[in-house]
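Close look at the chain arrangement
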Number of protein chains: 2
Amino acid sequence: MTASSLVGHLDRCSINTATLGYQGTLSDTIEGVARAGFGAIAPWRREVEGDDVGKIARRIRDAGLRVSGYCRSTYMPSATKAEFDASLDDNRRALRDASMINAACFVLVVGGLPGVSRDLRAARKQVEDAIGLLLIDARECGVPLALEPLHPMYAADRSCINTIEQALDLCSALDPDMAEPLGLAIDIYHVWWDPSLDVAIARAGRERRILAFHVCDWLVPTTDMLLDRGMMGDGVVDLRSIRSSVEEAGYSGAVEAEIFSRDDWWKRPVSETLAVCRERFQTAC
Amino acid sequence: MTASSLVGHLDRCSINTATLGYQGTLSDTIEGVARAGFGAIAPWRREVEGDDVGKIARRIRDAGLRVSGYCRSTYMPSATKAEFDASLDDNRRALRDASMINAACFVLVVGGLPGVSRDLRAARKQVEDAIGLLLIDARECGVPLALEPLHPMYAADRSCINTIEQALDLCSALDPDMAEPLGLAIDIYHVWWDPSLDVAIARAGRERRILAFHVCDWLVPTTDMLLDRGMMGDGVVDLRSIRSSVEEAGYSGAVEAEIFSRDDWWKRPVSETLAVCRERFQTAC
């Protein structure tokens, strides 16, 4: 397998703003990402909500950036109907913002077990129900939903959708004709270990579901289950091989760096992190 | 689904000695486990090797305990042929000890990526090769190999075998006729999240591969990726449902508690941990 080279193609590369540890304002971040030569950005709701979304949209456009994704959904599985409905409304509002900033997709991190539940099957059913309802809004807004399978270590508290195959099955159940704005965000951090990875990615391509592709690296040892992701090239994941599979499956969208790294990259100057991302996209991905 | 009750059936329950934090000698542990009424024990090599294995075997037998498993294999994927061979020899020696203590199985925790490798596929191939070679000794010793799929969060550094289905595929490749002493140790900590869990367990039963069944619980939050397992009932896993699936698949062997808990159970008196295990086997499993 050979991946297309990213050398000289930073226009295909995107920076998820979480990578920079939210050290500056979103305006600063937009400028920094554009100045560093990247073609896209993926902002978080915490940076957008409560601000003038139209102005943010203009700022991103004026900087010459695309939006590779908008992060992320409110968790869906809920202990009560009222909470379920509130989460749905929250996600509907976020979808409208995603549309205003012209996001390529709205990233769904769906949540784990609600309350004191031990019933993963019920949580998964709630996710399916919620996405089914959210699809109406996604169609109206023109923003596809990108369901992101999360690593199994998050099954209890962050996402009960844990493999590409499982996410694809859910998409098929809701959209057997592949006619809806529904697909996957594939993040190598969550799926790199999967013994069925190549088969799953090929299927995702055949079913035209790959909407986003995120990179970072898996560090050994990993000292924190959430906030110790590695810079591309610093860990053990065969990034190039996985990117090849994703591109052979037909994906030609942005390659987005999303690195949660509380004790390392989030402590460095934004300019340094952007410079290293720039280099590693071209040498390690 | 309904699991057979374990109330009054502590003879079916086993204590993996790691649960007690290695606070006493193995002799102390054997006596404590027997006195608490359990029917079986699962010792670790660190407690056995370098000691008089025949004497340990007699001590366990005299205490009226069975051995539900012997923990565990030396990692198999290796950066060099010499290391691969050394690991194999190590495992062969351990198999002989497993035979002497009359272990129901030798637990295979197979290892992750060797050296600086990023090639999971190659590591998995080495595991298959190593188990293929080890089967010769397993047959001679009369001790079945119990391949334990480990949680995907250990794929890099502890085990590149990460799901029941993957482990079953490996068993089928090496032993298509189901004639070899080869099967699985199913530990709920590693597999509870799997969206295919019921299907996978049913297949494991049909293919007569379930050799051991381990319980503990998944805590929320989990503060350490290795040493923060929960006591049965303290976490979010539907233990009874999974035990039902395993028993409906035909398994009638020991239910073994294996709890790595550096900051909680390992700090408590052994007698307390045993008493709580005794209660939780009967109320939470």
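Structure shown above.
Residues numbered from 1 in each chain as written. Chains lettered and ligands numbered in written order. Predicted model: local features only at pLDDT ≥ 70, side-chain atom pairs only at ≥ 80, totals over all residues. Heavy atoms only, no water.

Turning our attention to the environment of A:Phe213. Residues and elements named next belong to chain A. Structurally, the position occupied by Phe-213 is in strand β8 (residues 210–215). Along the backbone, Phe-213 and Val-255 are 42 residues apart, and their C-alpha atoms lie at a distance of 5.5 Å. Not counting chain neighbours up to four residues away, the residues in contact with Phe-213 comprise Ile-186, Ile-188, Ile-242, Arg-243, Val-246, Tyr-251, Ala-254, Val-255 and Glu-256. (Helix = DSSP H or I, 4+ residues; strand = E, 2+ residues; numbered from the N terminus. Contact = heavy atoms within 4.5 Å.)

To continue, consider the sheet that holds strand β4 (residues 70–71) of chain B. All names here are of chain B. Strand order in the open sheet formed by nine strands is β3-β2-β1-β9-β8-β7-β6-β5-β4, with parallel pairing between adjacent strands. Of all strands in the sheet, those with a lone pairing partner are β3 (66–67) and β4, marking the two edges. Pairing of strand β7 (residues 182–187) with strand β8 (residues 210–215) involves four bridges; the strand directions are parallel. Bridging from a neighbouring strand, Ile-186 pairs with Phe-213 of β8. (Pairing = 2+ DSSP bridges.)

The operation linking the two copies of the chain is a rotation about an axis combined with a translation along the axis. Overlaying chain A with chain B gives an RMSD of 0.0 Å, the required rotation being 180 degrees about an axis along which the chain moves by 0.0 Å. Within this description, the copies of the chain are treated as partners about a two-fold rotation axis. The fraction of interface residues of chain A whose copies in chain B are also interface residues reaches 100%, indicating that both copies meet through the same surface. (Least-squares fit on C-alpha atoms with pLDDT ≥ 70 in both.)

Moving on, we get to the interface of chain A and chain B. The parts lose accessible area when they come together, and the size of an interface is often stated as this lost area. Listed by partner, the interface residues are 28 residues for chain A and 28 residues for chain B. Both sides of the chain A and chain B interface together cover about 2,300 Å² of buried area, and 66% of this is carbon and sulfur. Viewed at the interface, chain B and chain A are joined by two salt bridges. Between B:Arg121 and A:Asp198 there is a salt bridge, with the nearest N and O atoms lying 2.8 Å from each other. Along the contact surface separating chain A from chain B lie nine residue pairs in polar contact (both at pLDDT 80 or more). (Buried area = accessible area lost by both parts, 1.4 Å probe. Salt bridge = Lys/Arg side-chain N within 4 Å of Asp/Glu carboxyl O. Polar contact = N/O pair within 3.5 Å; in protein donor to acceptor, adjacent residues only side chain to side chain.)

What follows is about the layout of surface pockets. Roughly 460 Å³ of volume is contained in the second largest pocket. Taken together, 28 residues form the lining of the second largest pocket, with A:Thr223, A:Asp224, A:Met225, B:Asp224 and B:Met225 sitting closest to its centre. Class assignment for the residues of the lining of the second largest pocket results in 18 nonpolar, four polar and six charged. (1 Å grid on protein atoms, 1.4 Å probe; cavity = no way out; pocket = protein on both sides within 12 Å on 5 of 7 lines; lining within 4 Å. Points joined across faces, edges and corners; volume = space filled by probe spheres on them. Nonpolar A, V, L, I, M, F, W, Y, C, P; charged D, E, K, R; others polar.)

This part covers the packing of aromatic side chains. Summed over the entire model, instances satisfying the criterion amount to 15 aromatic pairs over all chains. Ring plane angle 35 degrees and centroid distance 6.2 Å describe the contact between A:Tyr70 and A:Phe106, whose orientation is recorded as tilted. You can see A:Tyr70 sitting in strand β4 (residues 70–71) and its partner A:Phe106 sitting in strand β5 (residues 106–108), a full 36 residues away along the chain. Aromatic pair A:Trp193 and B:Trp193: ring centres 5.8 Å apart, planes at 85 degrees, arrangement edge-to-face. You can see A:Trp193 sitting in the loop between α7 (188–191) and α8 (197–206) and its partner B:Trp193 sitting in the loop between α7 (188–191) and α8 (197–206), one on each of two chains. Following the ring pairs from residue to residue traces out a cluster consisting of A:Trp44, A:Phe260 and A:Trp266. When the ring centre of A:Trp265 is taken as reference, the NZ or CZ atom of A:Arg268 above it lies at 3.7 Å. (Phe/Tyr/Trp six-rings, centres within 6.5 Å; stacked < 30°, edge-to-face > 60°. Lys NZ or Arg CZ within 6 Å of the ring centre and 35° of its normal.)

Turning next to a positive patch on the surface. A cluster of basic residues, A:Lys55, A:Arg58, A:Arg59 and A:Arg61, forms a positive patch on the protein surface. Assessed through its relative accessible area of 35%, A:Arg59 is described here as partly exposed. (Patch = residues over 30% accessible without salt bridge, like charges linked within 9 Å, V, L, I, M, F, W, Y side chains within 5 Å. Areas by Shrake-Rupley, 256 points an atom, 1.4 Å probe, with all protein chains shown as cover. Lys, Arg positive; Asp, Glu negative; His and termini not counted. Charge placed at Lys NZ, Arg CZ, Asp CG, Glu CD. Buried < 20%, exposed > 50% of the residue type's maximum accessible area, 1.4 Å probe, protein only.)

Residue and element names in this part refer to chain B. Contact pair helix α6 (residues 164–174) / α8: the axes reach a minimum separation of 9 Å and the direction vectors enclose 25 degrees. As far as their axial angle goes, α8 and α6 are roughly parallel. For α6 against α8, the interelement crossing comes out left-handed. Across from Ile-164, Glu-165, Leu-168, Asp-169 and Ser-172 in α6, the residues of α8 making contact are Leu-197, Val-199, Ala-200, Ile-201, Arg-203 and Ala-204. Within the contact of α6 with α8, the residues separate by chemical class into seven nonpolar, one polar and three charged. (Axes fitted to C-alpha atoms, helices over the stretch in contact; angles between N-to-C directions. Parallel < 35°, antiparallel > 145°, perpendicular 65-115°, else oblique. Left-handed = near helix turned anticlockwise from the far one by under 90°.)

Residues and elements named next belong to chain A. The complete set of buried residues in helix α3 (residues 53–62) reads Val-53, Gly-54, Ile-56, Ala-57 and Ile-60. Down the axis of α3, the sector holding all buried residues measures 160 degrees, keeping them to one side. The inward-facing, buried residues of α3 abut α1 (26–35), β2 (40–42), α2 (45–48), β3 (66–67) and α4 (81–100). Two or three places before Gly-54, at the opening of α3, Asp-52 has a side-chain oxygen 3.1 Å from that residue's backbone nitrogen. Positive backbone phi, at 80 degrees, marks Gly-64, one or two positions downstream of α3. (Arc of directions from axis to C-beta.)

Residue and element names in this part refer to chain A. In space, the nine strands of this open sheet follow the order β3-β2-β1-β9-β8-β7-β6-β5-β4, with parallel pairing throughout. In this open sheet, the two edge strands, each paired with only one partner strand, are β3 and β4. Across the sheet, helix α10 (residues 270–283) touches β1 (13–16), β8 and β9 (255–257), and the angle it forms with β1 is around 145 degrees.

It is a general feature of regular strands that their side chains alternate between the two faces of the sheet. Residue and element names in this part refer to chain A. A large share of β8 lies buried, amounting to five of its six residues. The pairing of β8 with β9 spans three bridges and is parallel. From the neighbouring strand, Phe-213 faces β9, where its bridge partner is Val-255. The handedness of the β8 to β9 crossover, carried by helix α9 (residues 239–248), is right-handed. (Right-handed = clockwise from strand over helix to strand, strands pointing away.)

The geometry of a pair of packed helices is captured by two quantities: the angle between their axes and the separation between those axes. Residue and element names in this part refer to chain B. Contact pair helix α4 (residues 81–100) / helix α5 (residues 120–141): the axes reach a minimum separation of 10 Å and the direction vectors enclose 30 degrees. Between α4 and α5, the angle falls in the class roughly parallel. Note that α4 runs across α5; the crossing there is right-handed. Residues Phe-84, Leu-88, Asn-91, Arg-92, Leu-95, Arg-96 and Ser-99 of α4 lie in contact with α5, whose contacting residues are Gln-126, Asp-129, Ala-130, Leu-133, Leu-134, Asp-137, Ala-138 and Cys-141. Here the residues of the contact of α4 with α5 are counted per class, giving eight nonpolar, three polar and four charged.

An α-helix turns once per 3.6 residues; consequently, residues spaced three or four apart project the same way. Residues B:Leu197, B:Ala200, B:Ile201, B:Arg203, B:Ala204 and B:Gly205 constitute the buried set of α8(B). Where α8(B) is buried, its residues meet α6, β7, α7, β8 and α9 (239–248) of chain B.

Moving on, we come to the nonpolar core. By size, the foremost hydrophobic cluster in this structure holds 206 residues, and its most contacted members are A:Trp192, A:Phe281, B:Trp192 and B:Phe281. Beyond its immediate chain neighbours, meaning those up to four positions away, B:Trp192 contacts A:Leu113, A:Leu120, A:Ala155, A:Ala156, B:Leu197, B:Trp218, B:Val236, B:Val237 and B:Ile242. (Core = buried A, V, L, I, M, F, W, Y, C linked by side-chain atoms within 4.5 Å.)

Moving on: the environment of A:Arg243. All names here are of chain A. Summarising the element assignment, Arg-243 is placed in helix α9. Through-space distance from the C-alpha of Arg-243 to that of Val-215 is 8.9 Å; in sequence the pair is 28 residues apart. Not counting residues up to four positions away in its chain, the partners in contact with Arg-243 are Ala-3, Ser-4, Ser-5, Leu-6, Arg-12, Phe-213, Val-255 and Cys-285.

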